Amino acid sequence: MEDQNKLLDKVTKSEYQYGFVTDIDSDALGKGLNEDVVRWISAKKNEPQFMLDFRLKAYRKWLEMEMPDWAYLKIPEIDYQDIIYYSAPKKKKELESLDEVDPELLSTFEKLGIPLEEQKLLAGVAVDAVMDSVSVKTTFKETLAEKGIIFSSFSEAVQEHPDLVQKYLGMAVPSTDNYFAALNAAVFSDGSFVYIPKGVRCPMELSTYFRINAANTGQFERTLIVADDDSYVSYLEGCTAPMRDENQLHAAVVEIIAMDRAEVKYSTVQNWYPGDKNGKGGIYNFVTKRGLCKGESSKIFWNQVETGSAITWKYPSCILLGDNSVAEFNSVAVTNNYQQADTGTKMVHIGKNTKSTIVSKGISAGKSDNSYRGLVRVAPKAENARNFSQCDSLLLGDTCGAHTFPYIEVSNNSSVVEHEATTSKIGEDQIFYCNQRGISTQDAVGMIVNGYAREVINKLPMEFAVEAQKLLQISLEGSVG
Amino acid sequence: MLIVKDLHAKVEGKEILKGINLEVNPGEVHAIMGPNGSGKSTLANVLAGHENYEVTKGEVSFFGKDLLDMDADVRSKEGLFLSFQYPVEIPGVSMVNFLKTALNEHRKYRGKDELKAGDFLKLMKEKKELVEIDSQLTNRSVNEGFSGGEKKKNEIFQMAMLEPKLAILDETDSGLDIDALRIVAHGVNALKRPDNATIVVTHYQRLLDYIVPDFVHVLYNGRIVKSAGKELAFELEEKGYDWIKKEVGE
Ligand SMILES: Nc1ncnc2c1ncn2[C@@H]1O[C@H](COP(=O)(O)OP(=O)(O)O)[C@@H](O)[C@H]1O
Ligand SMILES: [Mg+2]
């Protein structure tokens, strides 16, 4: 039986190799997607067989899947053959220090308020900057290496730690999980890989800044974070995209695996280009993020501030498999103008005494639509599982929409699931009160909104919290008064 | 400093102010009294620039500038302060953050540098003592969960921080027990200077025992129907507002 399988494998694989025709020396790929493109990407990245298998399985499944249509979103037709699936910045040689980074690139980071060097010096943040699809620079690796921590680009991890990647890849988000996850698995070009060894507390916040640059390039990032027994890590993801006219597809995958008593905090500030005031342009953000609390007493926290993208489809979720595991989802999602967001979380309780908390703060302005979609599922064996969900919506003006779709499935009667929801309008009287003390309407809105979102902002690491506050205010500019 | 001429204002299509005339000079304390619903808060809100109130006629000059032409935040920065009858709660916005922003906006408007955090906290401590406000209150969100009395004290505390030229106190005495009333009045009196002025809006004489007015005006049905010295307040206390109603022929 086993021999037969091996034989089958061999036959199928060799067959596919004949179909492989694309020139792997070119740095860019033409538009379009087919199996050769998937093979080209894998070969280009010099990947081992298991990676190619992972990609092909996903691609073949993807062909049979349909784009999900259950979200409260109006998604324009996406032509998947009109997208370039791989582009790399011209690579010269391995960079030793930041001095060697393209000054153009550095100044872009500067403009985005991400002073790499300052962060390196002052905050002790290791930065893995992703420009288009290939990591340009990874810093602080040596310090981390001393503790046995691996923080590298995904492609590097595939080369240097193939066993680790193979062991954990797809554990939280299987390659065929959903339409966008399957697409990502087939064509992802790079991303980040983190491994925290047993008993290690990561001494600094790990941070990645994503940015889209080349025109017509779909971004397919993949992040895999593994926290081994008794370890801890806080990971920051922030992104911002420059003004552009053409809609861009972004389908990232983030997987987190927390082993026994491990704790992972994942914080995001998402500020992709949302399109202009009339709804032209903007990023389509279809992200699959899932954490697996695999070990007992493991903890995973998702903290997110979402202000960008034309369309957001994103549900950072947790599977609470280990007994006594804990998960939190804290989110602020802002939509303005013609932005649409359908975001929320899934908490799946499988282990005993598992506990999850959801705090979602939606803020809608302009003609935007902001939906919270949350699923809390308690499996039959999840004795004493607890969930508390709080979903608040704040409306600025009366041309925007806020929607809440909570789904609760409880199959264990010793568990307690609580859900609270509120919808409020930003008060004219609150704004007037601020005005009367000398604060302009714009600043007042920023202040009130930040106050409303305080609970979530407070969960973010310091430097991120400051950035997030500014973002909230900027993204609501001109929405009142 | 303030000259109000024939001021008419509407809210929700209904005319509430029907020709107000009022002049306030530096160093003066004016009391505006009148029964509920006569338009006292409306006048205060119109002067402070609330957008729900539409001025249909009249002029208001503030230190020679057209007050009605200014946005509400500019009026504040020009030195007009309103102590609200019903201060609103702003969840999640700390008093410290709120006041620091407000004060720095005022300073910026006058071309001054922002206050350093240390100096700001020192100033806050000093002013807190003036109104005997509980230290903990300033660590909380703006007015959130404050008692009625604490909200009013908080208004006077903010007034002390911003040092306005003209303060309008709208029913600052309502909801205060006698001790709190004394403290609030003490705060207001301590802030009095020859170059600033106060308009005290109330419908009880009680507060005027502590904040002694130079002029008392009776607002009735959108008009100031009687103005006199502080003795008018005693007369109103004695005879009630019905007396006024008769005088204006109703
Ligand atoms: N925002 C508003 N909307 C509708 N009516 C209002 C509003 N504010 C005041 N009014 C009306 O205007 C009149 C005067 O109210 P107000 O100025 O509050 O009186 P006072 O402060 O003297 O008790 C009342 O009839 C009140 O109902
Ligand atoms: Mg009133």
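Residues numbered from 1 in each chain as written. Chains lettered and ligands numbered in written order. Predicted model: local features only at pLDDT ≥ 70, side-chain atom pairs only at ≥ 80, totals over all residues. Heavy atoms only, no water.

Draft legend 1. Up close: the overall build of chain A. Along the backbone of chain A there are 13 helices and 21 strands. Counting every position in chain A, which comprises 481 residues, the buried fraction comes to 59%. In chain A, the proportion of contacts linking residues at least 24 apart, taken out of those at least 6 apart, comes to 82%. Total accessible area on chain A is roughly 19,600 Å²; 50% of this is exposed by carbon and sulfur atoms. (Helix = DSSP H or I, 4+ residues; strand = E, 2+ residues; numbered from the N terminus. Buried < 20%, exposed > 50% of the residue type's maximum accessible area, 1.4 Å probe, protein only. Contact = heavy atoms within 4.5 Å. Areas by Shrake-Rupley, 256 points an atom, 1.4 Å probe, with all protein chains shown as cover.)

Draft legend 2. Quick look at a negative patch on the surface. On the surface, a cluster of negative charge is contributed by A:Glu428, A:Asp429, B:Glu51, B:Glu59, B:Asp66, B:Asp69 and B:Asp71. Turning to its location among the elements, A:Glu428 is positioned in helix α10 (residues 428-436). (Patch = residues over 30% accessible without salt bridge, like charges linked within 9 Å, V, L, I, M, F, W, Y side chains within 5 Å. Salt bridge = Lys/Arg side-chain N within 4 Å of Asp/Glu carboxyl O. Lys, Arg positive; Asp, Glu negative; His and termini not counted. Charge placed at Lys NZ, Arg CZ, Asp CG, Glu CD.)

Draft legend 3. Up close: the state of the cysteines. The tally for this structure, following the rule as stated, stands at zero disulfides over all chains. You can see A:Cys434 has no disulfide; the closest cysteine sulfur is in A:Cys400, sitting 19 Å from it. (Disulfide = S-S within 2.5 Å.)

Draft legend 4. Spotlight on the UniProt feature "domain: ABC transporter" (unreviewed entry) in chain B. Listed under "domain: ABC transporter" (unreviewed entry) in the UniProt record, and renumbered for this structure, are residues 2-246 of chain B. Annotated as 35% helix and 29% strand, the span residues 2-246 of chain B places its first and last C-alpha atoms 30 Å apart. (UniProt positions renumbered as here; feature names shortened; annotations may be inferred.)

Draft legend 5. Quick peek at the interface of chain B and chain A. Across the boundary between the two partners, chain B contributes 31 residues, which contact 18 residues of chain A. Across the chain B/chain A interface, buried area totals approximately 2,000 Å², and carbon plus sulfur atoms make up 62% of it. Here chain B and chain A share one salt bridge between them. Along the contact surface separating chain B from chain A lie 16 residue pairs in polar contact (both at pLDDT 80 or more). Sorting the residues of the side of chain B that touches chain A by element identifies α1 (40-48), α2 (72-77), β6 (80-83), β7 (90-94), α3 (95-109) and α5 (148-162) of chain B as the ones contributing at least two each. By residue class, the composition of the side of chain B that touches chain A is 15 nonpolar, 11 polar and five charged. (Buried area = accessible area lost by both parts, 1.4 Å probe. Polar contact = N/O pair within 3.5 Å; in protein donor to acceptor, adjacent residues only side chain to side chain. Nonpolar A, V, L, I, M, F, W, Y, C, P; charged D, E, K, R; others polar.)

Draft legend 6. Structural context of the sheet that holds strand β5 (residues 65-66) of chain B. All names here are of chain B. Judged by pairing direction, the sheet is antiparallel, and its four strands sit side by side in the order β2-β1-β4-β5 without closing on themselves. Where the open sheet ends on each side, the last strands, each with one partner, are β2 (14-24) and β5. In terms of strand pairing, strand β4 (residues 53-62) meets β5 through two bridges, oriented antiparallel. Bridge assignment links Phe 62 to a residue of β5, and that residue is Lys 65. (Pairing = 2+ DSSP bridges.)

Draft legend 7. Quick peek at the coordination of the magnesium ion (ligand 2). Coordination of the magnesium ion (ligand 2) by the protein comes from B:Ser41 (OG) and B:Gln85 (OE1), over a distance range of 2.1 to 2.3 Å. With B:Ser41 in helix α1 and B:Gln85 in the loop between β6 and β7, the pair connects residues that are 44 residues apart, well separated along the chain. (Donors = N, O, S within 2.8 Å, 3.2 Å for Na, K, Ca; no water.)

Draft legend 8. Looking closely at the pattern of salt bridges. All names here are of chain B. All told, the structure shown has 27 salt bridges over all chains when counted by the stated rule. Ionic pairing is found between Lys 77 and Glu 105, a salt bridge with its closest N-O pair at 3.9 Å. One end of the pair, Lys 77, is in helix α2; the other, Glu 105, is in helix α3, and 28 residues separate them in sequence. Each of the two residues, Lys 77 as well as Glu 105, counts as buried. Taking the shortest distance from any N to any O, the salt bridge between Glu 163 and Lys 127 comes out at 3.4 Å.

Draft legend 9. Broad picture of the sheet that holds strand β11 (residues 215-220) of chain B. All names here are of chain B. The strand order β6-β9-β10-β3-β11-β12 describes an open sheet built from six strands, whose pairing is mixed. The open sheet has two edge strands, β6 and β12 (223-228), and neither has a second partner. The average angle at which neighbouring strand axes cross in this sheet is 20 degrees, direction not considered. With four bridges connecting them, strand β3 (residues 29-33) and β11 associate as parallel partners. The partner of Ile 32 across the bridge, within β11, is His 217. (Axes fitted to C-alpha atoms, helices over the stretch in contact; angles between N-to-C directions.)

Draft legend 10. Representation of α5(B). Residue and element names in this part refer to chain B. Over its 15 residues, α5 extends 22 Å from the first C-alpha to the last, a length consistent with the 21 Å expected when each residue adds 1.5 Å. Along α5, 13 of the 15 residues are buried, which leaves the element largely enclosed by surrounding structure. Glu 163, located one to two residues past α5, shows a positive phi value of around 45 degrees. (Expected span 1.5 Å × (residues − 1).)

Draft legend 11. Fine view of unusual backbone geometry. Positive phi values are uncommon outside glycine, yet A:Arg261 reaches one of about 55 degrees. Structurally, A:Arg261 is set in the loop between β9 (253-258) and β10 (263-271). Located in the positive-phi region is B:Phe63, a residue other than glycine, with phi close to 50 degrees.

Draft legend 12. Region of the structure containing the site of ligand 1. All names here are of chain B. Surrounding ligand 1, one finds 13 residues, the nearest of these being Gly 37, Gly 39, Lys 40, Ser 41 and Thr 42. Here Ser 41 contributes a backbone N or O atom positioned 2.8 Å from an oxygen atom of ligand 1. Here a nitrogen atom of ligand 1 and a side-chain polar atom of Tyr 53 are 3.2 Å apart. Counting only elements with at least two residues in the shell around ligand 1, the list comes to β2 and α1. Counting residues per element, the shell around ligand 1 draws most heavily on α1, at three residues. In terms of residue class, the shell around ligand 1 is built from four nonpolar, six polar and three charged. (Near = heavy atom within 4 Å.)

Draft legend 13. Inspection of helix α7 (residues 231-239) of chain B at higher detail. Residues and elements named next belong to chain B. Burial in α7 covers these residues: Leu 232, Ala 233 and Leu 236. Buried residues of α7, seen end-on, are gathered within an arc of 105 degrees and therefore sit on one face of the element. Elements that come into contact with the buried residues of α7 comprise β3, β11, β12 and α8 (242-247). At the exit of α7 stands Gly 240, carrying a positive phi of roughly 75 degrees. (Arc of directions from axis to C-beta.)

Draft legend 14. Focus on the packing of α3(B) against helix α4 (residues 117-130) of chain B. Residue and element names in this part refer to chain B. Running from amino to carboxyl end, α3 crosses α4 at an angle of 105 degrees, the nearest separation of the two axes being 11 Å. Relative to α4, the element α3 is oriented roughly perpendicular. On α4, the residues that touch Val 96, Leu 99, Lys 100 and Leu 103 of α3 are Ala 117, Phe 120, Leu 123 and Met 124. Taken together, the residues of the contact of α3 with α4 sort by class into seven nonpolar, no polar and one charged. (Parallel < 35°, antiparallel > 145°, perpendicular 65-115°, else oblique.)

Draft legend 15. Geometry of the packing of aromatic side chains. All names here are of chain A. A full pass over the atoms with the stated rule returns 23 aromatic pairs over all chains. Centroid distance Tyr 179 to Phe 180: 5.3 Å. Interplanar angle 90 degrees. Geometry classified as edge-to-face. Judged on exposure class, the residue Tyr 179 and its partner Phe 180 are both buried. The interplanar angle of 85 degrees and the centroid separation of 5.3 Å between the aromatic rings of Trp 313 and Tyr 315 together place this pair among those described as edge-to-face. Exposure remark for Trp 313: the relative accessible area of 4% places this residue in the buried category. Ring pairing ties together the aromatic residues Tyr 59, Trp 62, Trp 70, Tyr 80, Tyr 179, Phe 180, Tyr 284, Phe 286, Trp 313 and Tyr 315, which thus form one cluster. Above the plane of the ring of Phe 405 lies Arg 373, whose end atom (NZ or CZ) is 4.6 Å from the centre. (Phe/Tyr/Trp six-rings, centres within 6.5 Å; stacked < 30°, edge-to-face > 60°. Lys NZ or Arg CZ within 6 Å of the ring centre and 35° of its normal.)

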